[in-house]
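Chain and residue survey
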Amino acid sequence: MSKWNKRTTLVHGGTRRSQYGEVSEAIFLTQGFVYDSAEAAEARFKDLGDDEFIYARYGNPTVRMFENRLSEIVGYEDGFACTSGMAAVTGALTALLKAGDQVVASRALFGSCLYVLEDVLARFGVQVTLVDGTDNAAWDAAITDDTALVFLEGISNPTLEVVDLEHVVKVAHAHDALVVVDDAMATPIFSCSARLGADLCVISTTKHVDGQGRMLGGMICGSKDLIRGPIEAYMKHTGGAMNPFTAWMQLKALDTLDLRVRAQAESALKIAETLEGHSKLAGVRYPQLPSHPQHAVAMRQAEAGGTVIAFDVKGGKEACFKLLNALELFTISNNFADSKSIVTHPATTTHQRLPQDQKDLIGIGDGTVRLSVGLEHADDLIADLTQALDQI
Ligand SMILES: *Cc1c(COP(=O)(O)O)cnc(C)c1O
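These remarks concern the structure in this document. This is a predicted model, so every value here is computed, not measured. (Residues numbered from 1 in each chain as written. Predicted model: local features only at pLDDT ≥ 70, side-chain atom pairs only at ≥ 80, totals over all residues. Heavy atoms only, no water.)

Here we look at the overall build of the protein
For the protein, the helix and strand inventory stands at 15 helices and 12 strands. For 392 residues, the compact-globule estimate of 2.2 N^0.38 gives 21 Å, and the C-alpha radius of gyration of the protein, at 21 Å, lies within 12% of that figure. Here the C-alpha coordinates of the protein stretch approximately 75 × 50 × 35 Å along the principal axes. Considering the protein as a whole, with its 392 residues, one finds that 56% of them fall into the buried category. The long-range fraction of contacts in the protein, counting pairs at least 24 apart against all pairs at least 6 apart in sequence, stands at 73%. Approximately 16600 Å² of the protein is accessible, and the part contributed by carbon and sulfur atoms is 52%. Distance between charge centres in the protein, computed from 34 positive and 50 negative side chains, equals 3 Å. (Helix = DSSP H or I, 4+ residues; strand = E, 2+ residues; numbered from the N terminus. Rg over C-alpha atoms; globule rule 2.2 N^0.38 Å. Buried < 20%, exposed > 50% of the residue type's maximum accessible area, 1.4 Å probe, protein only. Contact = heavy atoms within 4.5 Å. Areas by Shrake-Rupley, 256 points an atom, 1.4 Å probe, with all protein chains shown as cover. Lys, Arg positive; Asp, Glu negative; His and termini not counted. Charge placed at Lys NZ, Arg CZ, Asp CG, Glu CD.)

Considerations on the nonpolar core
Within the largest apolar cluster, 73 residues are counted, with the highest numbers of intra-cluster contacts made by Phe66, Val150, Ile309, Phe311 and Leu371. Counting contributing residues per domain, this core is built from domain 1 (6-256) and domain 2 (258-390), each supplying no fewer than three. With near-sequence residues (within four places) excluded, Phe311 lies in contact with Leu275, Leu281, Gly283, Val284, Leu323, Gly367, Thr368, Val369 and Leu371. If you look at the next biggest cluster of nonpolar residues, it comprises 35 residues, including Ala87, Val126, Ala241 and Ile364. (Core = buried A, V, L, I, M, F, W, Y, C linked by side-chain atoms within 4.5 Å. Domains from an automatic or database assignment.)

Some details on empty space enclosed by the protein
Tallying each qualifying case throughout the model produces 3 cavities of 30 Å³ or more. In terms of lining residues, the largest cavity is bounded by 15 residues, among which Ile155, Val162, Cys192, Gln301 and Ala302 are the most central. A class-by-class count of the residues in the lining of the largest cavity yields 11 nonpolar, 3 polar and 1 charged. When residues are assigned to domains, the lining of the largest cavity turns out to be shared by domain 1 (6-256) and domain 2 (258-390), each giving three or more. (1 Å grid on protein atoms, 1.4 Å probe; cavity = no way out; pocket = protein on both sides within 12 Å on 5 of 7 lines; lining within 4 Å. Points joined across faces, edges and corners; volume = space filled by probe spheres on them. Nonpolar A, V, L, I, M, F, W, Y, C, P; charged D, E, K, R; others polar.)

Focus on the site of the ligand
Gly85, Asp182, Ser204, Thr206 and Lys207 are the nearest of the 14 residues found near the ligand. Interatomic distance of 2.5 Å between a side-chain N/O atom of Thr206 and an oxygen atom of the ligand. In the complex, 91% of the free accessible area of the ligand, which totals 380 Å², lies under the protein chains. Cavity membership is defined here by more than half of the atoms lying within 2 Å of grid points; on that basis the ligand lies in the largest pocket. (Near = heavy atom within 4 Å. Polar contact = N/O pair within 3.5 Å; in protein donor to acceptor, adjacent residues only side chain to side chain. Sits in = over half its atoms within 2 Å of the grid points.)

Details of the side chain of Thr246
Relative to the elements of secondary structure, Thr246 occurs in helix H10 (residues 244-254). Assessed through its relative accessible area of 6%, Thr246 is described here as buried. With near-sequence residues (within four places) excluded, Thr246 lies in contact with Met215 and Leu216.

Thoughts on the pairing of strand S5 (residues 178-182)
Within S5, 4 of the 5 residues are buried, which leaves it mostly tucked inside the rest of the structure. Sheet topology places strand S4 (residues 147-153) next to S5; 5 bridges connect them, and they run parallel. Counted as the bridge partner of Glu153 is Asp182 from S5. As paired strands, S5 and strand S6 (residues 200-204) are joined by 3 bridges and run parallel to one another. Looking at the pairing, Val180 lines up with Leu200 of S6. (Pairing = 2+ DSSP bridges.)

Description of the layout of surface pockets
A volume near 430 Å³ is recorded for the largest pocket. Surrounding the largest pocket, 23 residues form its lining, Met86, Phe110, Ser204, Lys207 and Asn335 being those nearest its centre. Mapped onto the lining of the largest pocket, the elements with two or more residues apiece are helix H4 (85-96) and S6. Tallied by class, residues from the lining of the largest pocket come to 9 nonpolar, 10 polar and 4 charged. Shared between two domains, the lining of the largest pocket holds at least three residues of each, these being domain 1 (6-256) and domain 2 (258-390). Within this model, the second largest pocket holds a volume of roughly 370 Å³. Along its surface, the second largest pocket is lined by 20 residues, and Gly49, Asp50, Arg64, Arg228 and Glu232 are the ones closest to its centre. In terms of residue count, helix H9 (residues 224-238) provides more of the lining of the second largest pocket than any other element does, 4 residues in total.

Some thoughts on the state of the cysteines
Under the criterion given, the structure shown has 0 disulfides. Of all cysteine sulfurs, the one in Cys201 lies closest to Cys192, which takes part in no disulfide; the gap is 9.3 Å. (Disulfide = S-S within 2.5 Å.)

A few points about the pattern of salt bridges
The full count for this structure, using the stated rule, is 17 salt bridges. Between Asp258 and Arg262 there is a salt bridge, with its nearest N and O atoms 3.1 Å apart. Note that Asp258 and Arg262 are positioned in helix H11 (residues 257-275) at a spacing of 4 residues, about one turn of the helix. Relative accessible area serves as the criterion here: at 4%, Asp258 is assigned to the buried category. (Salt bridge = Lys/Arg side-chain N within 4 Å of Asp/Glu carboxyl O.)

This is the structure:
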């Protein structure tokens, strides 16, 4: 692992310079690579060196820089960059599972992850058990010697449930099950997956890494054995590799990742503290607030609560829509982690199709609002929220 601090690694980690000695990381927009001789081609196919490439679906120098730098930040030996966060989630799961396997997962999952587990994997004979991720006893009961893999979001979207990862990893490993954590919400800066022993961490780089709403991307991080073993084998043959242009854009975005995420998290805390107790709200959810049900676990796992806040507006959907329409700085969208602050009403958008009983189970009500805090000045965001709440 790096001798540098995270912020230095974000600027310099994994750099590969060509013979031209360029300062800025080069973009190798190439599908293929040429060989000096037929013998050299044969040798490269036989035994591919760390700094050798044969086809962009298998690997590319720009993509490899991004893989090396981001995985190092998250605390893993290696990474495989994918076309999107969902390509990373699907790749990690399908590369490791086979018919007859049992998966235990937390119930409060991103909609597409739930689809992959319940619809796709189920069709291939994988049995999935969903549990309340905040209940350690539920994990203890569900994980058995038949469990092949455990999947969870460290911090869930949009209800900000926090899983006691140390406990889940201990139980899973006692039963020889692999642990895969989706750290889209946790952010690569505050992720505790590597430190607490998760085998793989999947990251939607669409979120904080890009951070400016431009391009989709994802990465699977883990040990060299897993990444250059079953993960690479599956990804390179099934076609989910990230393209070099995206890798270059997101590699450059890493320069500022630590600065951006810390500034956004600092504003999120200020906003959560200001909103808590507001007369128009029934409650505010943010891991760093002492009122958060898993506050102690969250603060043991990360130094900050992340960039997303959820709260419940009194008066349900009608009051929420009034609030959304009255906001001037917060834009109505369904993405998060952008430098522009975003407001979402999950019940009518991202989670519209989730049956009511499942919404109830994970705490998405008609009055639930999700805020993604951007890079604007916190005072301006607070002023915007205050004037909009006054209009309800
Ligand atoms: C956004 C998100 C994904 C999917 O990422 P994409 O890059 O949009 O494919 C997966 N998991 C979680 C928790 C997310 O928030």
